[in-house]
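Secondary and tertiary structure notes
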Amino acid sequence: MHPDHFARLQHSHLEHLTRRHFLSKCSTGLGAMWLAGATGRAWGTSTALKKDPANPLASASPHFAAKAKRVIYLHMAGAPSQHELFDYKPELQKLNGQDCPQEFLAGKQFAFIQGIPKMLGPQYPFKQYGQSGAWLSDRLPHFSTMVDDVCFIKSMYTDQFNHGPAQLLVHTGTQNLGAPSIGAWATYGLGTENQNLPGFIVLTSGGKNPDAGKSVWGSGYLPSVYQGVQCRSQGEPVLYLDNPPGISRDLRRRSLDSLDRLNQQIAEDTGDAETVTRIAQYEMAYRMQMSATDAFDLKQESPATHEMYGTQPGKESFANNCLLARRLAERGVRYIQLFHWGWDSHGASASEALNKGFMDRCKEVDQPMTALLKDLKQRGLLDDTLVVWGGEFGRTPMLENRGGGVNAFIGRDHNPGAFTVWMAGGGAKPGISYGETDPIGYASMIDKVSLHDLHGTMMHLMGFDHEKLTYLSNGAPQRLTNITKPGTKVITGVLA
Amino acid sequence: MIRPLCLFLAVTSAAVALSEERVDFNRDIRPILTKHCTTCHGGVKEAGKISFIYREKALAPGKSGKIPIVPGKPAESEMLRRLRSDDPDEVMPKPKQEPPLPAADIALIERWIAQGAEWQNHWSFVPPKESAVATISNEKWPSAPLDRYILQRLDREKLKPSPEAAPAEWLRRVSFDLTGLPPLPEDLTAYQDAVVKDPAAARAAVVDRLLGSPHFGERWAAVWLDLARYSDTFGYEKDPERDIWPFRDWVIRAFNADMPYDEFTIEQLAGDLLPNATADQRLATAFHRNTQTNTEGGTDDEEYRLAAVIDRTSTTWTTWQATTFGCVQCHSHPYDPIEHDEFYQFLAFFNSSEDCDLDEDFPHMKVPDDPAKAAEASRLEIQLSVLREQLNADGHALAESTTDWRPFTPDAFAPSHGTLAMSADGTIRSQGTLPRRCIQKVIGPALTFTAVRLKILPENDDPKKWPERGSLVSKFQVNLIDPAGASTPVAMKEVFVDHLGDFFEPGPNGNVGGFPKLEGPRWSVFVPANKIEPAPGSRLEISLAHSAETAGSQAVPVRRFAIDVSNRPEWTTLITDPQRAATWKSRGEMAGQYGAIKGTMVPVMIQRAARETRVFARGNRLAKENVVTPGVPKLLAGNAPKSGMTRLDMARWIASPSNPLTARVMVNRLWGELFGIGIVQTAEDFGTSGTPPSHPELLDHLALRFENQYHWSVKSMLREIVLSSTYRQSHRATKELINRDPNNRLLARGPRNRLSAEMVRDQALAVAGLLSPKMHGPPVYPPQPDGVWSSVYSGAKWKTSQGEDRYRRGIYTYSKRTSGFPGFLMFDSPSRDLCSARRIVSNTPLQALVTLNDPAHIEAAQSFAKRMAAAGAELPAQLAFGITLATQQAPSPATLAELTALHAAATADYQQTPAESAKLGETPAAAALVLVANTILNLDSAFNR
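Residues numbered from 1 in each chain as written. Chains lettered and ligands numbered in written order. Predicted model: local features only at pLDDT ≥ 70, side-chain atom pairs only at ≥ 80, totals over all residues.

**Describing the overall build of chain B**
How we decide: Strands are runs of DSSP state E lasting at least 2 residues, helices are runs of H or I lasting at least 4, and numbering of each runs from the N terminus. Three exposure classes are used, all based on how many other C-beta atoms lie within 10 Å of a residue's own C-beta (placed from the backbone): buried at 20 or more, exposed at 12 or fewer, and partly exposed between those limits. Each residue is represented by a C-beta atom placed from its backbone, and any two residues with such atoms within 7 Å are regarded as in contact.
Across its full length, chain B holds 32 helices and 20 strands. Summarising its shape, the C-alpha atoms of chain B cover approximately 110 × 85 × 50 Å along the three principal directions. When each of the 945 residues of chain B is scored for burial, the buried share is 52%. Within chain B, contacts between residues at least 6 apart in sequence are counted, and of these 71% link residues at least 24 apart.

So, in structure tokens, the structure goes:
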């Protein structure tokens, strides 16, 4: 049953007497139909969770007490170089300019490197910061002030070395299309705390979608209601949110009142439970118009906040998205996924070069991501908000020599063997560095962490046993941590 | 657990256990095994070397030497002993994993073993059989045989069918179900008049009109295109445009022509292999070119070629056999008796087509702009390829019979990059960094020759490590250097190759080898016009130049090769034969004629020399195992050929009446489209992990009727269902009935389904009088918010269509994989990344935002309001017209009063706000009517059929 569904409707200030009367009547009359229909036709066959089709995003309890009530995932599409940010390797500096030894090349497949490339040392100086002594390059001066709140995982690895499939693996647990994203799993498992906003919101910057397209926030084989809703920091935050020209909010309310009464009559006439749901969805849409507009209105923020994030309202930027992420987190959105773009530092062009575009990318993210952590912390939100930052793979310790030639700028090729992800808040252990790569940062060596391990750990922090949050598809109880890749472990070393 | 039991279908095993009735394996035992046993003792895991998937395995000794099941002897059956054991180390299921089995289930297993432990195949793997319905409570109710099955079940459940739907309700339902569009006002009036006189004739006339409408094909093609994962783009990162819309039009035409489903099947799976394949039959094979092509820089073309081949395999099984064949890619099927190797045997049917994940989406067929030229273009295309094969075949035979090959042994090497040297095995190897423009030059003592053979070899001789990075010689050059040092190029006149079908067309100057991958050793024989007889002391200089690249500027250099020469005069004779010159000439003319035909290049299936197919260990393409040949799983093979099957044989096997799944799966799909839920709810999975049929006898009856009475005619099958008493029931549900059967699986009432994504849009346009009836052609771009398209590395822009293309039916809307049309995605249309057998209907606030606020829906409301205004002088008449137009239901006085009040309130508001009013209509009253029209289009009855 869904008494809270109706209770919530009743508590809304926007509720009209007539609707309240009807819906409360429903909870014993028409509404009761859902009790029998809870495994209804819309929902296929779920193996573990019973969802109320009338309110599939109702806030739900996880398997055990969760440290993280919500997640903010900052994806740096293109794959930032660990060698220029977090994974300091003096040994690599010594090898700079030498031919890559054969043993590093045998049996390896690269996206662009051909033949025998040269080794490439770190391009920026490193120093230790904070009480924790975290190593950082000089590219992230703001971030260096927050390292004691951060948990670095230096030993990430993947098995995909092309952006599209690697991003799919990061967000869906498989490199192939068709599986649900982490945010879809999170909203399937936990619902959302604010029914007046989508439970899973995606914000992109750089004017581009991720390489893998919208599937990285898709619902895959889960019902489509769990897919991420891409919102925009320019124009309408949610597609079709605004009333059309000529229809004021009052007139919209007036027309919805009529629509509700007419639909109530239809529900009485047909006995169709979906009609009852539809009435509720229209009310939710009406409230979402106000809630989403409010949530996305950055003008409400103080000049000090804008200064801290480096935000300019009305612009599409990673900074704006970071501030929006904090506003959405405050409002109970379950999963907030940000994509920044342009980290593919091959050196084939200036914008994608370690000695050019990479510096700009660092500037674009350093201040706002640091502000986000500080802001969450000062508002007491960091404790139960898990922030995850990372790309889809790492970069080679070799200088890229595309097609066997010489690139115009300095860059590195894709490297699935090692990359760094950091987490903060939401039950992640602050001020530590977990795992190690080999002396040149080429492959994870100690305490290796696969993407499935990361997923299992995120699920754990959200209160789920990753093996038990499942959904029947293709004949098997599927899960985020890919049933075809057994052996996922929760990384206890990163748990606070 | 794994297998959800449906409320109505669960047979209480306890009841059977108590009676003396014979235990039925499928009904009583299989569900227990699937729920409690096969996770560990199944197709994936065989703990203790025991599996309950095959009878022979369950009757054989396990690792312990004990036999799980001894037919007729429960006391000797280890399974029973372990189920009842008190020892925590012995009892099954293991106490840590699951509670013990209910005693009734164990008793049932015991009786089944005592009765001989007979095994049955899962219901869907057994051919359908007709079971007559003897007695029903009301002989007058059925109007089709199918109704008897429904009523028999209702009798058993002590339920009665609902009364017949009002004419308008049935007319709306059947119009949407058959054509995807609402009935026109005149259709409604005509039907309401006719039904009074002769109801059966009136209904039949409606159905025949709808089945004859060209819109029928558009509505049903939408269903098929979800299965075909049809899209107007490649997918993956850059997601560029793919011109494959002629296939969408083929599907529409096939449905409209009522092409029998067996032909429809064969043509899409193997139309290219039919004898004298027509242009349309070849176009049909674009079904399996709707797989994605990855153009991301630096991707491995073999990885994504195989991804497409695997997708073809899984899609074929989901679409035609509703079997979760994808499981078998990594291991034997966990629940159904399909073995790991059998996945690869089936995959082999698709593994030998020419396509190989190239950015060009190669190969294509030309679909001429002028349909009258379709046959000619296709004939020329085939003829060009046949002649090319013939021209190559003569040299191929000669090369095979030549025994005087003598090696050319270079003694000097001049690589532009890397190193070049003879290796111990007599081949020449190249190492180091070999960029795209590299040239490998070898020089040695000249030989006399009439032909030069270049063998391009993989670096590794183990076929399990193939394919390797591509190895393509773009230019093959032989120079003769006389003793004085003067160099003369040897002009080659022809080249013969081991097989054709590569992206690059081999020529006397080069383009030979393997691209984008080297799948194994390749050879090519270059023949000069005359015998080359060098003066003593001359040298030969042979250079291999490279210019091809795969996605992301990856070079494809030759890394190992060998050169030898032949002196046979037959080479010169062959290429100087005047007849041969004539053939080349006529082929050239043909190519000219073909080139002159303007058209769209559409990717289709084209067969080439067979690729070797190996089993992938745990589905990993880099861990290849044994070689397999094409074949179908033993479980379902029936009378399929035992060996040597082609893709066409496979298609015929699927389309054969002896295949137990094909007809069932299709009638279930038709049923599901009409009733909202299939007889088997999991339309994509008829296996053990799917849901069992609600009416198994009905499903079999329909399947046999579809095959035998109707000879696979979809229209005939649909006609029978929509005219049945079951379908014609009122959808009105009493509270009691909803409590009994919330999802209407028993069908004691008629269906009430939400409109599909396309129907929501099409209805709004139809009601507004805006809908364009134009059929076919390239996809269109109705209004979409700015900035929705933003694929990386892609300059593609949404160019909003002008004129009638703005108002075309939804099926013609541009479908971009990485960024679907928002209004459709929100109404549950799939992304078309993969085969989708079912749209799961959701009901969300975002849908409300679309139909309330989308400018396209407001434009429709404005146009709809104008039609209403023109329909009568007074508001009530206008409203009645509008509501009837949108819902086919005459409004009640209360409804009219509600909308009249809304109109009055809005008019009053607009009189105060003339600027706002003007944005919607010319006068405040007109603007208010737009708001009312928008409200009518959002009525729940306008969302349902």
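Let us keep going from here.
**Looking at the confidence of the model for chain B**
Residue and element names in this part refer to chain B. Cut-off, in case you're wondering: pLDDT measures how confident the predictor is about each residue, on a scale from 0 to 100.
Mean pLDDT over chain B stands at 93; residues scoring 70 or higher make up 98%. With pLDDT under 50 throughout, residues 1-18 is counted as low confidence; its partners more than four residues away or in other chains account for 33 contacts. Scored by ipTM, the complex comes to 0.89, with pTM at 0.89.

**Concerning the interface of chain A and chain B**
The condition that has to hold: Note on residue categories: nonpolar means Ala, Val, Leu, Ile, Met, Phe, Trp, Tyr, Cys or Pro, charged means Asp, Glu, Lys or Arg, and polar means any other residue, Gly included.
Listed by partner, the interface residues are 76 residues for chain A and 96 residues for chain B. Within the residue set of the side of chain A that touches chain B, elements represented by two or more residues are α3 (33-37), α5 (163-172), α7 (249-270), α8 (273-295) and β17 (476-478) of chain A. The element contributing the most residues to the side of chain A that touches chain B is α7 of chain A, with 12 residues. Its residues assigned to classes, the side of chain A that touches chain B shows 26 nonpolar, 37 polar and 13 charged.

**Things to note about the domain arrangement of chain A**
Many structure descriptions define interface size as the accessible area lost when the parts assemble. The condition that has to hold: An automatic or database domain assignment supplies the residue ranges for each domain.
When its domains are assigned, chain A resolves into domain 1 (3-37 + 249-287) and domain 2 (70-237 + 299-494). Each of domain 1 of chain A and domain 2 of chain A has a C-alpha centre, and the two are 42 Å apart.

**Quick notes on the packing of helix α7 (residues 167-179) of chain B against helix α8 (residues 185-197) of chain B**
All names here are of chain B. Spelled out, the test is: In this analysis, axes come from line fits to C-alpha atoms, helices being fitted only over the stretch in contact, and the angle between any two N-to-C directions falls in the range 0 to 180 degrees. An angle below 35 degrees is read as roughly parallel, one above 145 as roughly antiparallel, one from 65 to 115 as roughly perpendicular, and any other as oblique. The handedness criterion is simple: a crossing whose near helix is rotated anticlockwise from the far helix by less than a right angle is left-handed, and one whose near helix is rotated clockwise is right-handed.
Running from amino to carboxyl end, α7 crosses α8 at an angle of 130°, the nearest separation of the two axes being 10 Å. As summarised for this structure, α7 and α8 are arranged oblique, according to the angle between their axes. At the point where α7 passes α8, the crossing takes the right-handed sense. Across the interface between the two elements, P167, A168 and L171 of α7 pack against L188, Y191, Q192 and V195 of α8. Looking at the contact of α7 with α8, its residues break down into six nonpolar, one polar and no charged.

**Observations regarding the domain arrangement of chain B**
Residue and element names in this part refer to chain B. Taken domain by domain, chain B holds domain 1 (13-120), domain 2 (260-369 + 607-654), domain 3 (396-580) and domain 4 (853-943). In this structure, domain 2 and domain 3 have C-alpha centres spaced 34 Å apart. Taken together, the 18 residues of domain 2 in the interface contact 13 residues of domain 3. Split by residue class, the side of domain 2 that touches domain 3 holds four nonpolar, four polar and 10 charged.

**Examining unusual backbone geometry**
All names here are of chain B. The residue after M92, namely P93, is reached through a cis peptide bond having omega -10°. Counting through the fold element by element, P93 comes out in the loop between α4 (78-84) and α5 (103-114). Here the bond from F515 into P516 is cis, since omega is 0°, no more than 30 degrees from zero. Positionally, P516 belongs in strand β12 (residues 512-518). One non-glycine residue, A117, lies in the positive phi region at around 50°. Its place among the elements puts A117 in the loop between α5 and α6 (145-156). For A117, a count of 23 C-beta atoms within 10 Å gives the class buried. Despite not being glycine, R618 has its phi angle at roughly 50°, a positive value. Mapped onto the elements of the fold, R618 is located in the loop between β19 (613-616) and β20 (624-628). On the basis of neighbour counts, which here come to 11 C-beta atoms within 10 Å, the residue R618 falls in the exposed class.

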